[in-house]
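Here is how the chains run, residue by residue.
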Amino acid sequence: MSASLNAAVATTVASDPACAEPLAVLGRDVTVPLVTGGEVTYAALDYAASAPALQRVWDDVAAYAPYYGSVHRGAGYLSQLSTDLFEQSRATVAAFLDCRPTDQVVFTRSTTDSLNLLAAVIPADCQVFVFETEHHASLLPWTNAQVSYLNAPRTPDEAVATLERALADRDPYGPALVCVTGASNVTGELWPVKELAAAAHAHGARIVLDAAQLAPHHPVSVRDLDVDWVAFSGHKLYAPFGSGVLAGRADWLQQAEPYLAGGGASRKVSRREDGGVDVEWHITAARHEAGSPNVIGVYSIASACRALTEAGFENLVAREQRLVERVREGLAEVPAVRVLSLFGDDAPRVGVISFVVDGWNSSHFAAALSAEYGIGVRDGLFCAHPLVRTLLGSEPQTQGECGAPEAAPGERSLNAIRVSFGAGTPDEHVERFVRAVKELVTDGAKWQYRTEEGRCVPAV
């Protein structure tokens, strides 16, 4: 467990979150029909997939929309205004992440895009070390590198020791990169990022932090954690639209060919006498931002960063921890429920909890939560197949999809149920979820369900 993250969680939990209110998000008043009759306010408890956009972010984007213009090199007023807003957003994100003065902030489409960008710029002889516990966005991009997949650790100390052994044993001793999550998208557990970074640097390696599940729930300081890069997505940080961030050291980014070739990435293009083309690429973040950028998406990320900062991350973390404890206490009261964990019950975690229910197909259980209680959760393998398989005790070669396998209601499925929440979650949604779990386990579903294209759906 990272000492800095652990200390911050302990501090915020010790504060009093009782008076904290959830932040206003879009969709908070949406009602959905129940198969049993009537309607209910939708309980969005799938934040780990996409968090609802903050109302503040939506309002900021709506206020800017009439002034939208193409950024960079435009002479018109709206273009100049949009360019200023775009670059100010870069500075806002850098401040939100507590970046170093020499770090670059590159805007991408998502965490996946950010990590694929980094994979494209690492040195040709770079060795990559990644735990099997990673989301596929962190696990899969390193196709052009020599990759060492590390077994799932069962304690934070074991994670550090495993990495240290792997780095010490590498041959040849050349450039190396460690990729690690800040908070698991399956268990919500916080990883010992600062200690892993220290281990990486002690062995001459660099480290990139997948903060997709950490940044929306907890402050992230590039300087304090001493990571080389950090990646996250706007759609998990309460911002709409397809945008993401890769922030960190500039050298590998500047030395590599652009991730995408095209306008914006090129500083100067000229024809040669032999008929070819010479290109001089930018050395700034623009080098990897070819094409017309997603200005509104970028602005929405910056707006979310400001909103979370101004709301006081201490209060947000403290309130979320209270919700985490309420869910865990409620699930612990149901013997049929098993919560998935790598590091144990006492491990600090964000608002992401996965579990299985004895006697239930996970898709069936999730379908019943939605259809009978208006609660949206997620079931499946959460694009972290090796980790979920390890936690469920299945064979490594067992096949599975991100969604539910084709198993009928009542049949065992090799997947899990995930409930996730955050700054916009009302207490009532959590209470309804806990109550629904208990009722479904005790009384069973009130409706009949059938399998359709691998998913359980209400029978009509």
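Below is a summary of the structure that appears in this document. The structure displayed is predicted, hence computed values, not measured ones. Numbering of residues starts from 1 in every chain and runs along the sequence as written. Under the rules for a predicted model, residues below a pLDDT of 70 receive no local features and side-chain atom pairs below 80 are neither given nor counted, while totals for whole chains, interfaces and linings still include all residues. Note that the side-chain values use all heavy atoms of the structure and ignore hydrogens as well as water.

## As for the sheet that holds strand β13 (residues 337-339)
Turning to step 1, where the next piece is worked out: Overall, antiparallel pairing links the four strands, which are arranged β13-β14-β17-β16 in an open sheet. The open sheet has two edge strands with one neighbour each: β13 and β16 (378-380). Within this sheet the neighbouring strands show an average axis-to-axis angle of 30°, counted without direction.
Turning to step 2, where the next piece is worked out: The rule for pairing is simple: two strands pair if DSSP sees at least two bridges between them. Runs of H or I in DSSP of at least four residues are treated as helices and runs of E of at least two as strands, each being numbered from the N terminus. Judged from the three bridges that link them, β13 and strand β14 (residues 352-357) form a sheet pairing that is antiparallel. What counts as an axis is a line fitted to C-alpha atoms, over the stretch in contact for a helix, and the angles between N-to-C directions run from 0 to 180 degrees.

## Concerning helix α14 (residues 427-443)
Turning to step 1, where the next piece is worked out: Over its 17 residues, α14 runs 24 Å from end to end, which matches the ideal 24 Å to within 8%, given 1.5 Å per residue.
Turning to step 2, where the next piece is worked out: Accessible area is worked out with a 1.4 Å probe on protein chains only. A residue is then buried under 20% of its type maximum, exposed over 50%, and partly exposed in between. Looking at α14, one finds that the buried residues are His429, Val430, Arg432, Phe433, Val434, Ala436, Val437 and Leu440.
Turning to step 3, where the next piece is worked out: Positive phi appears at Gly444, one or two residues downstream of α14, with a value of about 80°. Expected span of a helix, by definition, is 1.5 Å for each gap between consecutive residues, and there is one gap fewer than residues.

## Quick word on the side chain of Arg328
Turning to step 1, where the next piece is worked out: Within the secondary structure, Arg328 is located in helix α11 (residues 313-332).
Turning to step 2, where the next piece is worked out: Polar contacts, as used here, are pairs of N or O atoms within 3.5 Å; protein pairs need one atom able to donate a hydrogen and one able to accept it. Residues neighboring in sequence count only if both atoms are side-chain atoms. There is a polar contact of 3.1 Å between the side chain of Arg328 and the backbone oxygen of Asp345.

## Some words on the packing of aromatic side chains
Turning to step 1, where the next piece is worked out: Here is the rule: rings of Phe, Tyr and Trp (six-membered ring for Trp) pair when centre to centre is within 6.5 Å. Planes less than 30 degrees apart are stacked, more than 60 are edge-to-face, and the remainder are tilted. Under the criterion given, the structure shown has eleven aromatic pairs.
Turning to step 2, where the next piece is worked out: An angle of 10° between the planes, with centres 6.3 Å apart, marks the rings of Trp58 and Phe241 as stacked. Of this pair, Trp58 sits in helix α2 (residues 55-64) while Phe241 is found in the loop between β9 (229-233) and β10 (244-248), placing the two residues 183 residues apart along the sequence.
Turning to step 3, where the next piece is worked out: For Trp58, a relative accessible area of 37% gives the class partly exposed.

## Considering unusual backbone geometry
Of all residues except glycine, most have a negative phi; of all peptide bonds, most are trans.
Turning to step 1, where the next piece is worked out: Residue Pro172 is reached from Asp171 by a cis peptide bond, and omega for that bond is 5°.
Turning to step 2, where the next piece is worked out: For Pro172, the position within the fold is in the loop between α6 (156-168) and β7 (176-181).
Turning to step 3, where the next piece is worked out: Residues other than glycine seldom take positive phi values, yet Cys383 does so here, at roughly 50°.
Turning to step 4, where the next piece is worked out: The residue Cys383 is located in the loop between β16 and α13 (385-392) in this model.
Turning to step 5, where the next piece is worked out: Since its relative accessible area comes to 25%, Cys383 is described here as partly exposed.

## Points about the pattern of salt bridges
Turning to step 1, where the next piece is worked out: We define a salt bridge as a side-chain nitrogen of Lys or Arg found within 4 Å of a carboxyl oxygen belonging to Asp or Glu. In total, this model carries 26 salt bridges according to the counting rule given.
Turning to step 2, where the next piece is worked out: Asp46 is the salt-bridge partner of Arg378, the closest N and O atoms lying 3.0 Å from each other. Of the two residues, Arg378 is situated in strand β16 and Asp46 in the loop between β3 (43-44) and α2; the sequence distance between them amounts to 332 residues.
Turning to step 3, where the next piece is worked out: Classification of Asp46 by relative accessible area gives buried; the value is 15%.
Turning to step 4, where the next piece is worked out: Note that Arg90 and Glu87 form a salt bridge whose closest N and O atoms lie 2.9 Å from each other. A residue pair is termed a helical-turn pair when its members lie 3 or 4 positions apart in one helix, as Arg90 and Glu87 do in helix α3 (residues 77-96) at three residues.
Turning to step 5, where the next piece is worked out: Arg90 sits in the buried class, given a relative accessible area of 12%.
Turning to step 6, where the next piece is worked out: Through salt bridges with shared partners, one network takes in Arg56, Asp60, Arg306 and Glu310.

## Some points on the environment of Asp224
Turning to step 1, where the next piece is worked out: Mapped onto the elements of the fold, Asp224 is located in helix α8 (residues 222-225).
Turning to step 2, where the next piece is worked out: Note: C-alpha distance between Asp224 and Leu45 (179 residues apart in sequence) is 31 Å.
Turning to step 3, where the next piece is worked out: Side chain to side chain, Asp224 and Lys194 meet in a polar contact 3.0 Å long.

## Structural notes on the sheet that holds strand β4 (residues 104-108)
Turning to step 1, where the next piece is worked out: With respect to topology, seven strands assemble into an open sheet ordered β4-β10-β9-β8-β7-β5-β6, the strand pairing being mixed. Whereas interior strands pair on both sides, the edge strands pair on one side only; in this sheet they are β4 and β6 (146-150). Ignoring strand direction, the axes of neighbouring strands in this sheet form an average angle of 20°.
Turning to step 2, where the next piece is worked out: Note: strand β8 (residues 206-210) against β9, three bridges, orientation parallel.

## Overview of the state of the cysteines
Turning to step 1, where the next piece is worked out: Only a pair of cysteine sulfur atoms within 2.5 Å counts as a disulfide in this structure description. Counted by the stated rule, this structure contains zero disulfides.
Turning to step 2, where the next piece is worked out: Considering cysteine sulfurs only, Cys305 is the nearest to Cys99, which forms no disulfide, with 10 Å between them.
Turning to step 3, where the next piece is worked out: Of the cysteine sulfurs around Cys179, a residue in no disulfide, the closest is that of Cys126, at 11 Å.
Turning to step 4, where the next piece is worked out: On the basis of relative accessibility, which here comes to 0%, the residue Cys179 falls in the buried class.

## A look at the nonpolar core
Turning to step 1, where the next piece is worked out: Take the buried Ala, Val, Leu, Ile, Met, Phe, Trp, Tyr and Cys residues and link them wherever side-chain atoms come within 4.5 Å; each set so joined is a nonpolar core. If you look at the biggest cluster of nonpolar residues, it comprises 83 residues, and the most contacted ones within it are Val93, Leu97, Leu163, Trp191, Leu209, Phe232 and Val245.
Turning to step 2, where the next piece is worked out: In terms of residue count, helix α10 (residues 295-311) provides more of this core than any other element does, eight residues in total.

## Observations concerning the packing of α6 against helix α7 (residues 193-202)
Turning to step 1, where the next piece is worked out: Orientation of α6 relative to α7, taken along the N-to-C sense of each, is 15°, at an axis distance of 9 Å. Of the possible angle classes, the one that applies to α6 and α7 is roughly parallel. α7 is crossed by α6, and the crossing has right-handed handedness. Contacts between α6 and α7 involve Ala159, Val160, Leu163, Glu164 and Leu167 on the former and, on the latter, Glu195, Leu196, Ala199 and Ala200.
Turning to step 2, where the next piece is worked out: By residue class, the composition of the contact of α6 with α7 is seven nonpolar, no polar and two charged. An angle below 35 degrees is treated as roughly parallel, one above 145 as roughly antiparallel, one from 65 to 115 as roughly perpendicular, and anything else as oblique. We call a crossing left-handed when the near helix sits turned anticlockwise from the far one by less than a right angle, and right-handed when that turn is clockwise. The contact definition used throughout considers only heavy atoms, calling two residues in contact when any of these lie within 4.5 Å. Classification convention: Asp, Glu, Lys, Arg as charged; Ala, Val, Leu, Ile, Met, Phe, Trp, Tyr, Cys, Pro as nonpolar; all other residues, Gly among them, as polar.

## Structural notes on a nonpolar patch on the surface
Turning to step 1, where the next piece is worked out: Put simply, a patch holds well-exposed residues, over 30% relative accessible area, that have no salt bridge, with like charges counted together within 9 Å and Val, Leu, Ile, Met, Phe, Trp or Tyr side chains within 5 Å. With residues, only the protein chains shown are counted as cover, and all accessible areas are computed by Shrake-Rupley using a 1.4 Å probe. Nonpolar side chains collect at one region of the surface, where Tyr67, Tyr77 and Leu78 lie side by side and expose about 330 Å² of accessible area between them.
Turning to step 2, where the next piece is worked out: What makes Tyr67 partly exposed here is its relative accessible area of 42%.

## So, the side chain of Glu189
Turning to step 1, where the next piece is worked out: Looking at the element boundaries, Glu189 is found in the loop between β7 and α7.
Turning to step 2, where the next piece is worked out: Looking at Glu189, the relative accessible area reads 0%, which means it is buried.
Turning to step 3, where the next piece is worked out: A polar contact of 2.8 Å, which involves the side chain of Glu189, links it to the side chain of Thr187.
Turning to step 4, where the next piece is worked out: Among the polar contacts listed, one links the side chain of Glu189 to the backbone nitrogen of Phe343, at a separation of 2.9 Å.
Turning to step 5, where the next piece is worked out: With residues up to four places along the chain from it excluded, the contact list for Glu189 reads Gly182, Ala183, Ser184, Ser341, Leu342, Phe343, Gly344, Ala347, Pro348 and Arg349.

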